[in-house]
Amino acid sequence: MRPLLAASGIGKRFGGLQALDGVTLEVAAGHIHGLIGPNGAGKTTLFNVLTGLYSADAGTVQLDGEVIGGLEPHRVVAAGLSRTFQNIRLFAATPVLDNVLVGAHLRGSEGLLGALFPSPALRREQARLRDQALALLDYVGVGKHAARPAGELSYGDQRRVEIARALAAEPKLLALDEPAAGMNPAETEALRDLLARIRHDGTTLLLIEHDVKLVMGLCDRVTVLDFGRRIADGAPEAVRNDPAVIAAYLGSPAGGAPE
Amino acid sequence: MSARRLLLLLLAAVALAAIPWLVDGLLGVTWVRILSFAALYVVLALGLNITVGYAGLLDLGYIAFFAVGAYTYALLSSPQFGLHWPLWATLPLSAGAAGLFGLLLGTPLLRLRGDYLAIVTLGFGEITRIFINNLNSPVNITNGPQGVNQIDALRVGGVDFSQALHVGGFEVPAAYMPCLLFILLAALLAWACTRLQTSRIGRAWQAIRQDPLAAAACGIDLRRYKLLAFALGASAGGMAGGLFAGFQGFISPESFSLTESIMVLCMIVLGGMGHVPGVIVGALILATLPEALRALGPLQQALLGHVWVDPADLRMLVFGLALVAMMLVRPAGLWPRGAGR
């Protein structure tokens, strides 16, 4: 079966640093796919290439058969790939609900004339998007904060709003950059349930995560990067026992480290 | 639309239309003319508010669009080229030409942010003024520093906005006519801005203003929405320019100096950036303040027996002090957007 996301041979260089070197990543539809690796391995760089924030020096990216490599960020979203950021990037002064409505930007059709003189159809569309945004906030568990400025919410809730904002575009693939960073164990547990629910409801997930327990328990497949190269790819159990992965994480010669 | 909303709308219209009579009765007819200019400044400030307040693009050369609009109107309805086009053609053309100018300026600026954008727009504003100042040779287009004279008055159909209007037995004095027109247009623009702000476009601007990268990651085409903000703001400025030309009857490049750009920006900052009622209040205050401070001359005479400081000098001093005090006491403006909005 054709993978939902197929990136192959991705290369990206910053000056003298080869941040990505021929990385291949395939995400199957319906999976939660983990992307792990030590700090500086190139995970976020790969994310930025996939979502159009960086242009790659080499390689191709396809989403559901459509070439998205080299597209501008907003076109990548239109093609069906939405993301969140490692350091939360909500519109802090804007109400939570409006943050999600911005996420639904591409699903609206209201233009300049429509804003001034909305037709009944446009009014219905905007009302529908609003209802869906509210439902989405309930879905991720922050519905009661809809009217508050996003910047006032707790760290964990802001992460949830960011996920809701990304989901509002109805993506085929949702890419999350360290969603559990800074969360306490209880919040991480709740996040795991949410991510499992999102997958169950039909959205494929690609996940950068440092919390190895979370990744191993949740992911169907894991890709490991180190120094810009893919060093392992497979089921969580297989990857966990891969000598190259153990070496990368512990910095010792392959096979020399105990589990 | 419900009957209650219709009634409110009607009341608001009557209240706005009554303003010239009220001002004349309370302050005298010179103030009606001052108010006409103030209403033009409201249009300008609301336009710049789209670019700066909504989309967060700091434009320090905004008055250039005012100039483009004014010259478009002037050249199409004055003896300069012997053209006397009607208002329904010249005013949209003024707005359109300025909007096009906004697009032309905006396109190369898309990659610039913050300070850099401000510097380039500042340069653009000055270039436009100098260009107009020197465009009298080899082919005389703008008539250079002398400016364009004998510009046709604002006239639509049979209504001349420089003459008194007789409706039945009722007379609207000549001084009230432009004032009423400008108030009407400012009110329409304020309504449009309010609608835009809460629309899909307004949300996109709000997102771009706060975090362009995150906005792009939400599917917003930055180029398109930044250009839209530039063009819409410029069009409003161009419309104000056309009205200004028709109202004054003559224009010259010195009306479009950097100080004017800064003044319009101050109106927005003073009132409350991004908030329509605040912007209107800011524009009205700063446009009428210099006139109000003229009273300082007679006041000194009465209290101190002698005019110690020229009111014109004192005006700038008071103006400066007021701005500094504002920044200290109410940094978000006199009437900022409420929390949670």
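What you see is a predicted model, and the numbers here were worked out from it, not measured in a lab. (Residues numbered from 1 in each chain as written. Chains lettered and ligands numbered in written order. Predicted model: local features only at pLDDT ≥ 70, side-chain atom pairs only at ≥ 80, totals over all residues.)

Caption draft 1: Spotlight on the sheet that holds strand E10 (residues 229-234) of chain A. Residue and element names in this part refer to chain A. Taken in spatial order, the six strands make up an open sheet running E6-E7-E8-E3-E9-E10, and their pairing is mixed. With partners counted over all chains shown, the strands left at the sheet margins are strand E6 (81-83) and E10, one partner each. Taken pair by pair, the neighbouring strands of this sheet meet at an average axis angle of 20 degrees, ignoring direction. Note that strand E7 (residues 173-177) and strand E8 (residues 204-208) share five bridges and pair parallel. Bridge pairing links Leu176 to Leu207 in E8. In the packing of helix H1 (residues 43-50) onto the sheet, contacts are made with strand E3 (32-36), E6, E7, E8 and strand E9 (221-226), and the angle to E7 comes to roughly 145 degrees. (Pairing = 2+ DSSP bridges. Helix = DSSP H or I, 4+ residues; strand = E, 2+ residues; numbered from the N terminus. Axes fitted to C-alpha atoms, helices over the stretch in contact; angles between N-to-C directions. Contact = placed C-beta atoms within 7 Å.)

Caption draft 2: Seen up close, the confidence of the model for chain B. With 99% of its residues at a pLDDT of 70 or more, chain B has an overall mean of 91. Taken together, the chains of this predicted complex give a pTM of 0.92 and an interface ipTM of 0.92. (pLDDT = per-residue confidence, 0-100.)

Caption draft 3: Here's a closer look at the sheet that holds strand E2 (residues 17-27) of chain A. Residues and elements named next belong to chain A. Taken in spatial order, the four strands make up an open sheet running E2-E1-E4-E5, and their pairing is antiparallel. Pairing within the sheet leaves two strands with one partner each, and these edge strands are E2 and strand E5 (66-67). Of the strand pairs in this sheet, strand E4 (residues 58-63) and E5 are connected by two bridges, and their pairing is antiparallel. Within E5, the residue paired with Gln62 across the bridge is Val67.

Caption draft 4: Here's a closer look at the environment of A:Asp193. In this fold, A:Asp193 is placed in helix H7 (residues 185-200). Residues A:Asp193 and A:Leu218, 25 residues apart in the sequence, show an inter-C-alpha distance of 9.2 Å.

Caption draft 5: Spotlight on the pairing of E2(A). Residues and elements named next belong to chain A. By the bridge criterion, seven bridges tie strand E1 (residues 5-14) to E2 in an arrangement that is antiparallel. Residue pairing in the sheet places Arg13 in a bridge with Gln18 of E2. Hairpin connection between E1 and E2: a loop of two residues separates the two successive antiparallel strands, and Gly15 in this loop has a positive phi of roughly 55 degrees.

Caption draft 6: Structural context of the confidence of the model for chain A. Looking at chain A as a whole, its pLDDT mean stands at 92, while 97% of the residues score no less than 70. Counted against residues more than four places away or in other chains, residues 254-259 of chain A, with its pLDDT under 50, gives eight contacts.

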